[in-house]
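Residue-level structure breakdown
Spelled out from the first residue to the last, the chains are:
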Amino acid sequence: MLRLLLIVLIIPLLIPGRLCGQVLPYRSEAVHFSNADGSIRFGGTLTIPVGKKRYPAIVLVSGTGKQDRDATMAGHPMFRVLADSLTRRGFAVLRTDDRGVGETTGKYEDATTKDFADDALAAVHFLKQHKAVRKVGIMGHSEGGAAAIIAAGSSRDINFVITLAGLAINGLDALKLQNYAITKSAKISDYDRNRYDTINTRMFDTVYRYVGAPELESKLRSTYAAWKQADDSAFKKDFPDKYDHLRFFLESYITQAKGPWYQYQIRFDPVPYLQQIKVPFLALNGDKDIMVTYKENLDMIATTLKQAGNAKVTTHVLPGTNHLFQHCVTCTREESSTLQEDFSAEAFTTIIQWLQPFLK
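Attention here is on the structure that accompanies the text. (Residues numbered from 1 in each chain as written. Predicted model: local features only at pLDDT ≥ 70, side-chain atom pairs only at ≥ 80, totals over all residues. Heavy atoms only, no water.)

1. Quick word on the overall build of the protein
For the protein, the count of helices and strands is twelve helices and twelve strands. The C-alpha atoms of the protein give 22 Å as radius of gyration, which agrees with the globular expectation for 360 residues (21 Å, within 12%). Projecting the C-alpha coordinates of the protein onto the three principal axes gives extents of approximately 75 × 55 × 40 Å. Summarising the internal contacts of the protein: among those between residues at least 6 apart in sequence, 70% fall at separations of at least 24. (Helix = DSSP H or I, 4+ residues; strand = E, 2+ residues; numbered from the N terminus. Rg over C-alpha atoms; globule rule 2.2 N^0.38 Å. Contact = heavy atoms within 4.5 Å.)

Written as structure tokens, this is what we have:
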């Protein structure tokens, strides 16, 4: 009851320009704008530093899943925290609700990563109309990092790029690495881990091969049936007196695999976009991230940009941090909601130090 009472007392103090009675060094504005063809109307929050006639601005791009403008994940409002910290240091920051969330129209389920990149560009163009904005950068988390790469590789309106655990390898490899990391962290036997890895890999390969083909569903069903027959036979032989608890949710996977987002994602190739990015690029990853493994993604960004002639690339690994840039213990997905930290101080320090030249 004490905690509930404290929350009730604090909430009325969260008013524009103030936090618990403290005057903030920036102003916060509710904004609305549309994309080029007017099909999507975005609702968002723009935080603007006070006492400055001109300033750089940053568009925040969220990761996978329908998220509000604060990018609240596992109870942690990553983008609200970042917007507050960045604006205190002189950057205007625009964060928006995802499609179909809050004040933004559209249907999230029908959109692909390319659509989210186009949404990010709509936000960039909105900021470019502000006379006080002198440079615009883009910062994307997870899949939002892939959207940021697509956007920056497609437009010359973006002056710098930051990815936070940004997806930067091809979609098929990313799915496999992610699922290997998830099963490795799960509290299951090596025997069951191998079974999950086998069926996941076979299904991923099947989708990749038959993207857009009318026989995709039938191929998925036959792939699963062949695996299931062999797996049942092996399990009965290895554990004749044991009940099998392992499940693969075939129907929900087929539904997902037939959707536009999944089919775009599994065929996603970041290289052509990375090759077109000529502006400064900062890429951060936590070394305990099981959703976007750091080595493969950071190596892809650094290598591809440099080979394309962009030497203005910095990659940084944050020790002991997970996908949300929290210091973690078990570092599983489930642990994030139990951690108090919203965003690593070391990660933010790295970001703000890298951004210093854009304040001049």
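After that view, the rundown keeps rolling.
2. Regarding the layout of surface pockets
Considering only enclosed or pocket space, the largest pocket measures out at about 1200 Å³ in volume. Going through the elements one at a time, α5 (171–185), α6 (190–210), α8 (250–257) and α9 (260–266) are the ones with two or more residues in the lining of the largest pocket. If you tally residues by element for the lining of the largest pocket, the top one is α5, at eight residues. Residue composition of the lining of the largest pocket, grouped by class: 21 nonpolar, 19 polar and five charged. (1 Å grid on protein atoms, 1.4 Å probe; cavity = no way out; pocket = protein on both sides within 12 Å on 5 of 7 lines; lining within 4 Å. Points joined across faces, edges and corners; volume = space filled by probe spheres on them. Nonpolar A, V, L, I, M, F, W, Y, C, P; charged D, E, K, R; others polar.)

3. So, the side chain of S336
With respect to the helices and strands, S336 occurs in the loop between β12 (313–318) and α12 (345–355). Those residues within four positions of S336 in sequence are excluded, and the remaining contacts are A74, H76, N322, L324 and Q326.

4. Re the environment of F325
By secondary structure assignment, the location of F325 is in the loop between β12 and α12. Overall, F325 belongs to the buried group, its relative accessible area being 0%. Put simply, F325 and L164 are 161 residues apart on the chain and 8.4 Å apart in space, counted from C-alpha to C-alpha. (Buried < 20%, exposed > 50% of the residue type's maximum accessible area, 1.4 Å probe, protein only.)

5. A word on the packing of helix α3 (residues 113–128) against helix α4 (residues 143–154)
Relative to each other, α3 and α4 sit at 65°, their axes nearing to 8 Å. The orientation of α3 relative to α4 falls into the category roughly perpendicular. The interaxial crossing formed by α3 with α4 has right-handed handedness. Contacts from T113, K114, F116, A117 and L121 in α3 reach E143, A146, A147, I150 and A151 in α4. Looking at the contact of α3 with α4 residue by residue, the classes come out as seven nonpolar, one polar and two charged. (Axes fitted to C-alpha atoms, helices over the stretch in contact; angles between N-to-C directions. Parallel < 35°, antiparallel > 145°, perpendicular 65-115°, else oblique. Left-handed = near helix turned anticlockwise from the far one by under 90°.)

6. What about empty space enclosed by the protein?
Across all of its chains, the model carries one cavity of 30 Å³ or more by this definition. What the largest cavity holds in volume is close to 220 Å³. Considering the residues around the largest cavity, the lining is formed by 20 residues, among which V61, S62, T96, D98 and D119 are closest to the centre. Sorting the residues of the lining of the largest cavity by element identifies β5 (55–61), β8 (92–96) and α3 as the ones contributing at least two each.

Geometric values such as these leave the question of function open.
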